[in-house]
Amino acid sequence: MNKPQSYPFAMRVMHWLMAALVLSLLFAGLTMVKSLGPWQQQLLAWHKAMGLIALLAIVVRLIIRLRSDTPTLPASVPNMQQLAAKLTQLGFYLLLFVMPLSGYLMQNAAGRPLSLFGLPLPSLLHTDLALYGLFREIHGWAALLLVLLIVVHSCAALYHGLIKRDGVFRSMVRK
Amino acid sequence: MRYVLFTAAAGAVVAAAVYAVTVSGRAPVSAQDFVNLQQGDTIQMGFRRAHANGFCISGEFQASGELAAYSSAKALQPGSYPFIGRMSIAGNNPTAPDLRAPVRSLALTILPDTADQWRTAMNTPPVMAVATPEKFYQQLLAIQSNTVPQFFADHPETAHFLEWRSHYQPSQSYATERYHSINAFYLVDRQGKRQAVRWAALPLTDDAGVIADEEAPDALQQEFFNRLQQGPVRFDVQFTLATANDDPADATIPWPETNPQLSAGTIVIEQASVQQEGACNALNFDPLVLPAGFAPSADPILRARAAAYAESHRRRAREVLMQQFAGGANE
Ligand code: HEM
Ligand code: HEM
């Protein structure tokens, strides 16, 4: 079977839009939990709305991914690296679900109302301190894992793009 | 050449991430700094880092509707709405003697579990000693290093607070204190028109109460629980409207008594329970959890409170979670 050289257009667009969205969510999150500044509340409101949009986006992205033909890594990439690449991808999909879901659930467990553009969202949990603790810790630690994964993933992508020049980097950039 | 380029690029990614994280951590005073300072050297696992000694209450808010013209909030339309609340004393020690605390508090979540919920945490002083989180942090440092008189001398804005303190007489009961929002908020009507306000819960009883043991850590709690056996405890929720002369962003200055005052309704406290068993324990009485019809003022203390309460909430929730894990493992 002939595999395509590049990711389909829809996937490339989703990849870069989500990269920008998730990076800003991470930096917004890490800054706002420390700051006492007057903009902190605005950032938090924005973080929740954009975080929920990220949840919708990852669902759409997974659907597109499952329905499209994606390129395989070139044979020149060693087996261990092939495996590492698969695990990184799996890790991204997992964490991109865990982040917004834990955010949503921790707001439920804290008894705080949630809405998206004025539309009230249902609470899936009862108010409970230990449950809040669980989802708040997941949100905090999964975020750090995600940062780590992004660093590893970007280094690998740049390595392919700048050093090996084997078309792997290109497959997410161009047709 | 390629290797140099690659190393530089990878280095830049890592450096950018580290830089972003550490720079945000070097902000003047962070929520974590505040909570570290407030919790002190002995961590009271699972308890609030401030106002640790307290208990849960619940009952009904009977809204008069007098403020309905100023706000679209459901809690201000005529009607009867459930609330979950908490009474507490300031301080990080859950077993500190009730009667020694300089500040007493009443916190409320009216219409819990709904999008209309209104959270408020009120204290006995009507004003803050200082107007910004940074100065409040300095005040806490001064308390720890026993240099409060110097701190007050260096900060003339503390004058109104000191004036209040000079004639404040703590009562023998939580039921007979006055609790103030201190910070100002806006009421917002259906047309979007805003009116700056402060509010206070004023006691509706003149029964002074009897304290059995003055040194008991829960002297006030006992008194309150006994009092509830005789029937509900009531407070009038009184709103004061700002005039053009008042600055809603500065909580150190009292508003004139000639300002318009309206009664939003009556808090009827029907039940009380120790905090670990009550619904209030899971709640963070973040003053910025406001329904439509309310908006925060520009007071910087309000933002600092929201951030510090969230950090305290995170810590105690984590501890309770760990305790449950440990408890589960032991069974
Ligand atoms: C991909 C999506 C998301 C990412 C990458 C993300 C990232 C983060 C990060 C990095 C933090 C700081 C954590 C810490 O320092 O411990 C944070 C905090 C927070 N996030 Fe998210 N988040 C996402 C989605 C959401 C959603 C959907 C919600 C809620 C609807 C949410 C609500 C919050 C809240 C309330 C905080 C502050 C918690 C506190 O004050 O203690 N997040 N987020
Ligand atoms: C920058 C200033 C302030 C800081 C940093 C601060 C910090 C805190 C913290 C960390 C908690 C524990 C929250 C929790 O774990 O749920 C707390 C509770 C509380 N604070 Fe403050 N606070 C500040 C100003 C005020 C003011 C101005 C008021 C009164 C108007 C107030 C009233 C209360 C009350 C009543 C509670 C107890 C709420 C409850 O029963 O759960 N605080 N504060």
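Residues numbered from 1 in each chain as written. Chains lettered and ligands numbered in written order. Predicted model: local features only at pLDDT ≥ 70, side-chain atom pairs only at ≥ 80, totals over all residues. Heavy atoms only, no water.

Draft legend 1. Main features of the packing of helix α2 (residues 31-39) of chain B against helix α3 (residues 133-144) of chain B. Residue and element names in this part refer to chain B. The N-to-C vectors of α2 and α3 enclose an angle of 25 degrees; their axes lie 11 Å apart at closest approach. With respect to their mutual orientation, α2 and α3 come out roughly parallel. Note on packing geometry: the crossing formed by α2 with α3 is left-handed. On α3, the residues touching D33, F34, L37 and Q38 of α2 are P133, F136, Y137, L140, L141 and Q144. Its residues placed into classes, the contact of α2 with α3 shows 7 nonpolar, 2 polar and 1 charged. (Axes fitted to C-alpha atoms, helices over the stretch in contact; angles between N-to-C directions. Helix = DSSP H or I, 4+ residues; strand = E, 2+ residues; numbered from the N terminus. Parallel < 35°, antiparallel > 145°, perpendicular 65-115°, else oblique. Left-handed = near helix turned anticlockwise from the far one by under 90°. Contact = heavy atoms within 4.5 Å. Nonpolar A, V, L, I, M, F, W, Y, C, P; charged D, E, K, R; others polar.)

Draft legend 2. Broad picture of the UniProt feature "transmembrane region" (unreviewed entry) in chain A. Residue and element names in this part refer to chain A. Cross-referencing UniProt, the feature "transmembrane region" (unreviewed entry) maps to residues 45-64, 84-106 and 138-162 in the present numbering. The span residues 45-64 is 100% helix and 0% strand, and its two end C-alpha atoms sit 29 Å from each other. Structurally, residues 138-162 is divided into 100% helix and 0% strand, and its ends, taken at the C-alpha atoms, are 35 Å apart. (UniProt positions renumbered as here; feature names shortened; annotations may be inferred.)

Draft legend 3. How the structure looks around the state of the cysteines. All names here are of chain B. As enumerated under the stated definition, the model contains 1 disulfide over all chains in all. The residue that forms a disulfide with C56 is C280, at a sulfur-sulfur distance of 2.0 Å. Taking the sign of the torsion about the S-S bond as the criterion, the disulfide between C56 and C280, at about -80 degrees, is left-handed. In this pair, C56 sits in strand β1 (residues 54-63) while C280 sits in the loop between β9 (261-274) and β10 (294-296), placing the two residues 224 residues apart along the sequence. (Disulfide = S-S within 2.5 Å.)

Draft legend 4. Here's a closer look at the interface of chain B and chain A. Listed by partner, the interface residues are 41 residues for chain B and 34 residues for chain A. Surface buried jointly by chain B and chain A totals about 3300 Å² across both partners, of which 69% is contributed by carbon and sulfur atoms. At the junction of chain B and chain A, the tally comes to 3 salt bridges. Taking the shortest distance from any N to any O, the salt bridge between B:D286 and A:R112 comes out at 2.7 Å. Put simply, chain B and chain A have 9 residue pairs in polar contact (both at pLDDT 80 or more) between them. Contributions of two or more residues to the side of chain B that touches chain A are made by α1 (2-25), α2 and α7 (300-330) of chain B. (Buried area = accessible area lost by both parts, 1.4 Å probe. Salt bridge = Lys/Arg side-chain N within 4 Å of Asp/Glu carboxyl O. Polar contact = N/O pair within 3.5 Å; in protein donor to acceptor, adjacent residues only side chain to side chain.)

Draft legend 5. Structural detail: the UniProt feature "domain: Cytochrome b561 bacterial/Ni-hydrogenase" (unreviewed entry) in chain A. The UniProt feature table records "domain: Cytochrome b561 bacterial/Ni-hydrogenase" (unreviewed entry) at residues 7-174 of chain A. In residues 7-174 of chain A, helix accounts for 71% and strand for 4%; the two terminal C-alpha atoms are 8 Å from one another.

Draft legend 6. Spatial organisation of the site of ligand 2. Residues and elements named next belong to chain B. Surveying the vicinity of ligand 2 reveals 26 residues, the closest of which are R48, R86, Y309, S312 and R316. The side chain of H51 places a nitrogen or oxygen atom 3.4 Å from a nitrogen atom of ligand 2. Note that an oxygen atom of ligand 2 is positioned 2.5 Å from one of the side-chain N or O atoms of S312. Elements supplying a minimum of two residues to the shell around ligand 2: α2, β3 (104-110), β4 (118-123) and α7. Examining the composition of the shell around ligand 2, we find that 7 residues originate from one element, α7, more than from any other. Taken together, the residues of the shell around ligand 2 sort by class into 12 nonpolar, 10 polar and 4 charged. (Near = heavy atom within 4 Å.)

Draft legend 7. Layout of empty space enclosed by the protein. Residue and element names in this part refer to chain B. Within the structure shown, the criterion is met by 2 cavities of 30 Å³ or more. Roughly 40 Å³ of internal volume is contained in the largest cavity. Along the walls of the largest cavity sit L108, I110, W118, T120, M122, W199 and V237, which together make up its complete lining. Of all the secondary structure elements, the ones that give two or more residues to the lining of the largest cavity are β3 and β4. Top element by residues in the lining of the largest cavity is β4. It accounts for 3 residues. Each residue belonging to the lining of the largest cavity can be placed in one class, and the counts come to 6 nonpolar, 1 polar and no charged. Volume-wise, the second largest cavity comes out at about 30 Å³. Split by residue class, the lining of the second largest cavity holds 2 nonpolar, 4 polar and 2 charged. (1 Å grid on protein atoms, 1.4 Å probe; cavity = no way out; pocket = protein on both sides within 12 Å on 5 of 7 lines; lining within 4 Å. Points joined across faces, edges and corners; volume = space filled by probe spheres on them.)

Draft legend 8. The coordination of the iron atom of ligand 1, seen in detail. All names here are of chain A. Within the protein, the iron atom of ligand 1 binds to H47 (NE2) and H139 (NE2); these donor distances fall in the range 2.0 Å. Here the iron atom of ligand 1 is ringed by 6 donor atoms whose angles at the metal span 85 to 179 degrees, and the overall shape comes out octahedral. Of this pair, H47 sits in helix α2 (residues 40-67) while H139 sits in helix α4 (residues 129-164), placing them 92 residues apart in sequence. (Donors = N, O, S within 2.8 Å, 3.2 Å for Na, K, Ca; no water. Tetrahedral: all angles 85-135°; square planar, octahedral: opposite > 155°, others 65-115°.)

Draft legend 9. Region of interest: the coordination of the iron atom of ligand 2. For the iron atom of ligand 2, the protein supplies a single donor, B:Y309 (OH), at a distance of 2.2 Å. As for its position among the elements, B:Y309 is in helix α7.

Draft legend 10. The pattern of salt bridges, seen in detail. Applying the stated criterion across every chain, the model contains 10 salt bridges over all chains. In this structure, B:D207 and B:R227 form a salt bridge, with 3.9 Å as the shortest nitrogen-oxygen distance. Placement of B:D207 in the loop between β7 (194-203) and α6 (219-230) and of B:R227 in helix α6 is noted, with a sequence separation of 20 residues between them. Using a relative accessible area of 9% as the deciding quantity, one classes B:R227 as buried. Among the charged side chains, a salt-bridge network with shared partners connects A:E137, B:R314 and B:R318. (Buried < 20%, exposed > 50% of the residue type's maximum accessible area, 1.4 Å probe, protein only.)

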